[in-house]
Structures are given as structure tokens and as C-alpha cells.
Amino acid sequence: MLKPKNRVVLLGASGLVGRSLGKCLKTKGYEVVGVARKSDDCLQGDVADYKFLYKCLKKGDVVYYLATENRSKKLNDYWKVNVVGVKNLIKIAAKKHFNKIVYVSTTMVLGMKKNSGNHYTDTKFEGLKYFKRNIKKNFYIIYPGVVINRNFRYRAAEKSVAGRIKDFLGFNTQGGLRMMAGDENRHFEMIYIDELADMLAAYPEKRMPVEIKAVTNNLKVRDYVKMALPTTRFWPFRVPGWISKFFSN
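Read on for an overview of the structure.

Conventions adopted
- Residues numbered from 1 in each chain as written.
- Predicted model: local features only at pLDDT ≥ 70, side-chain atom pairs only at ≥ 80, totals over all residues.
- Heavy atoms only, no water.
- Core = buried A, V, L, I, M, F, W, Y, C linked by side-chain atoms within 4.5 Å.
- Buried < 20%, exposed > 50% of the residue type's maximum accessible area, 1.4 Å probe, protein only.
- Contact = heavy atoms within 4.5 Å.
- Helix = DSSP H or I, 4+ residues; strand = E, 2+ residues; numbered from the N terminus.
- Phe/Tyr/Trp six-rings, centres within 6.5 Å; stacked < 30°, edge-to-face > 60°.
- Lys NZ or Arg CZ within 6 Å of the ring centre and 35° of its normal.
- Expected span 1.5 Å × (residues − 1).
- Bend = angle between axes of the 7 residues up to and from the residue.
- Salt bridge = Lys/Arg side-chain N within 4 Å of Asp/Glu carboxyl O.
- Right-handed = clockwise from strand over helix to strand, strands pointing away.
- Pairing = 2+ DSSP bridges.
- Axes fitted to C-alpha atoms, helices over the stretch in contact; angles between N-to-C directions.

**Focus: the nonpolar core**
In step 1: Core analysis: the largest hydrophobic core is formed by 31 residues, its most contacted members being Leu11, Leu57, Tyr65, Leu89, Phe98 and Phe131.
In step 2: The contact partners of leucine 89, leaving out residues within four places of it in the chain, are Leu11, Leu53, Leu57, Val63, Tyr65, Phe98 and Ile101.
In step 3: Counting residues in each nonpolar core, the second largest holds 26 residues, with Tyr30, Val32, Val102 and Ile142 among its members.

This is the structure:
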């Protein structure tokens with residue numbers, strides 16, 4: 001039987017990465033504590049709430065910052081999770097002295113010098129700047145590409161009539177219209193969720209790079225569509241690039 005190891009806290013535990021990483025860490029014998037805004041299996045609260053976050057964390061924890069916002073239309077929603085939550089964590093770290101902090105960013109911020117007008121990338125960029133400027137030790141930064149399930153779905157097949165209709169029409173296909181907007185020859189970097197979870201699960205006890213780009217493939221959009229078609233109902237039509245602005249912010 002595996003013995004309990006470090007207490008590991010996943011901030012943003014209900015997301016795609018959080019769910020997969022949590023399962024992986026538990027099989028390794030870690031005590032895993034999940035924190036999320038809405039989940040029956042987690043401590044429910046907002047990382048932007050300093051008092052709540054302070055109560056969740058203990059001295060010696062291994063903390064993963066997986067929390068992110070990428071679907072809202074409101075800049076403030078992005079700012080609270082991608083910037084304020086990061087600031088709260090760093091302030092608490094100065095008082096509670098965590099064993100390690102593993103901050104999951106995105107390849108989309110690499111090479112950025114200033115804000116672009118995209119709520120997601122701009123707030124992730126600001127959060128990263130604050131993180132790197134204000135933490136001195138026991139930290140790690142991972143930059144994943146687009147994180148994809150091997151079955152190209154956001155979630156398991158839905159059982160309700162409405163859910164089945166959405167499944168049939170391809171609404172739960174990962175990437176969906178966002179991935180298809182623009183030139184079919186557009187390249188993007190990706191990593192499968194199980195590969196990313198395995199990589200992240202090594203951080204509590206192994207010596208790992210302080211910063212690392214987590215990418216296992218570079219695909220053209222048309223090749224992604226071909227890969228997804230056999231396992232999902234993916235509608236392979238081309239969306240002009242000028243329309244892509246309607247699928248962000």
C-alpha cells in the first residue's frame with residue numbers, strides 16, 4: 001500500500017488538467033486537496049478571495065496553480081482568476097512557505113512584450129509577469145500548448161435529450177469552431193492531457209526544470225480536423241479568418 005506523501009493542493013481542480021492531474025497524483029499516494037469555484041468534490045471558493053485561499057493552504061504544501069478563465073466575455077472575470085488569484089498565492093507563500101509552487105501558464109504568452117487586446121492572453125501575461133517578479137524560490141513554470149483529450153471531447157457523452165443533440169451536432173468536440181477559425185494551414189502546438197498530467201505529477205518529488213514548454217506535437221488545423229473526425233462529429237467547414245474575432249473575448 002502506498003504511504004501518504006506531501007499534501008498537494010490543486011487550485012483549479014475541476015478543470016480538464018485539474019481532474020486528470022488529481023487522479024494521477026492519488027495513484028501515487030499523495031493527499032490531494034482540490035479547490036474550485038464549483039465542484040462537489042472540492043473546497044468551493046474563488047482564488048481571488050484572499051481569506052478563502054489563505055484557509056485552504058498550509059505550510060509545506062505542494063501547490064499547483066491551474067486556475068484559469070478562458071470563456072467569459074468580461075475582462076474582470078479573466079483578471080480575477082489569471083492575475084488576482086496569482087497575486088494572492090504569492091502573498092500567502094511569503095507567510096506559509098510552501099514546499100513547491102507549480103504554475104501552469106500557456107505557450108500563448110511566450111514571446112509577448114505587451115498586451116494584445118485578447119482578454120485571455122493579456123491577463124495570463126500579466127499574471128506570469130507578477131509571478132516571476134515576486135517569487136524567488138521553490139517555483140516552477142510550465143507552458144503547455146493546446147491541451148487535448150485523446151477522444152477530442154470536453155466531457156463524457158451526455159445522457160439527456162438536449163445533451164445528446166449537442167453531442168450529435170458536435171458542440172462538445174474539443175477545439176470546435178475556435179480551432180477551425182481561419183486558415184486550415186495554420187499551425188498550433190498541442191499536448192495530450194495524459195502526457196501533461198504525467199509531466200506535472202513528477203514535480204512533487206523529482207528535480208524538474210524551473211521553466212519548461214510542454215508541447216508534444218505541432219499540427220496544422222486541417223490535420224487536427226482529420227484526427228478528430230473518426231471519433232467525434234466534427235463539421236469540417238472552413239471559417240474565414242475575419243470571423244475569428246467573434247470566438248474570442
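**So, the side chain of asparagine 82**
In step 1: Structurally, the position occupied by asparagine 82 is in helix α3 (residues 75–96).
In step 2: Discounting residues that sit within four places of it in the chain, asparagine 82 has contacts with Ala67, Thr68, Glu69, Tyr120, Thr123, Lys124 and Gly127.

**Observations concerning the packing of aromatic side chains**
In step 1: Inspection of every chain in the model, using the stated rule, returns seven aromatic pairs.
In step 2: Site record: aromatic cluster; members linked through ring pairs are Tyr65, Tyr103, Phe131 and Phe139.
In step 3: For lysine 96, the ring lying beneath its charged end belongs to tyrosine 54, and the centroid distance is 3.9 Å.
In step 4: Between the NZ or CZ atom of arginine 150 and the centre of the ring of tyrosine 192, over which it lies, the distance is 4.0 Å.

**A few points about α3**
In step 1: Its 22 residues place the ends of α3 30 Å apart at the C-alpha level, agreeing with the 32 Å of an ideal helix rising 1.5 Å per residue.
In step 2: At valine 84, α3 shows its maximal kink, close to 30 degrees.
In step 3: Turning to α3, its buried residues are Tyr78, Val81, Asn82, Val83, Gly85, Val86, Asn88, Leu89, Ile90, Ile92, Ala93 and Lys96.
In step 4: Looking one or two residues past α3, histidine 97 carries a phi angle of roughly 55 degrees, positive in sign.

**Observations regarding the pattern of salt bridges**
Proximity of charged atoms lets side chains of opposite charge pair with each other.
In step 1: Inspection of every chain in the model, using the stated rule, returns eight salt bridges.
In step 2: Within the structure, one salt-bridge network assembled from shared partners comprises Arg7, Glu31 and Asp61.

**Looking at the pairing of strand β6 (residues 139–144)**
In step 1: Counting buried residues along β6, six of its six residues qualify, which places the element largely inside the surrounding structure.
In step 2: What you see with β6 is no split at all: Phe139, Ile141 and Tyr143 on one side and Tyr140, Ile142 and Pro144 on the other are buried throughout.
In step 3: With helix α4 (residues 119–134) bridging strand β5 (residues 100–104) and the parallel β6, this β-α-β connection has right-handed handedness.
In step 4: In this sheet, strand β9 (residues 211–214) lies alongside β6 in parallel orientation, the contact comprising four bridges. The partner of isoleucine 142 across the bridge, within β9, is isoleucine 212.

**Regarding the sheet that holds β5**
In step 1: As summarised here, the arrangement of the seven strands in space is β3-β2-β1-β4-β5-β6-β9, forming an open sheet in which the pairing is parallel. Both edges of this open sheet fall to β3 (43–44) and β9, since each of them pairs with a single strand only.
In step 2: Where strand β1 (residues 7–11) meets strand β2 (residues 31–36), five bridges bridge the pair, whose relative direction is parallel. Pairing of arginine 7 across the sheet is with glutamate 31, part of β2.
In step 3: Strand contacts of helix α1 (residues 16–27): β1, β2 and β4 (62–65), with the helix running at about 170 degrees to β1, the strand carrying the most contacts.

**Considerations on the sheet that holds strand β10 (residues 217–220)**
In step 1: Taking strand neighbours across the sheet as the criterion, the three strands line up as β7-β8-β10 in an open arrangement whose pairing is mixed. At either margin of the open sheet sits one strand with a lone partner, and together these are β7 (146–148) and β10. Here the strands of the sheet are splayed against their neighbours by 45 degrees on average, with no regard to which way each runs.
In step 2: Of the strand pairs in this sheet, β7 and strand β8 (residues 187–192) are connected by three bridges, and their pairing is parallel. Considered in β8, the bridge of valine 147 is made with isoleucine 191.
In step 3: Of the strands in this sheet, β7 and β8 are in contact with helix α7 (residues 193–201), which crosses β8 at around 60 degrees.
In step 4: Relative to β10, helix α8 (residues 221–228) is tilted by about 95 degrees, and along the sheet it contacts β7, β8 and β10.

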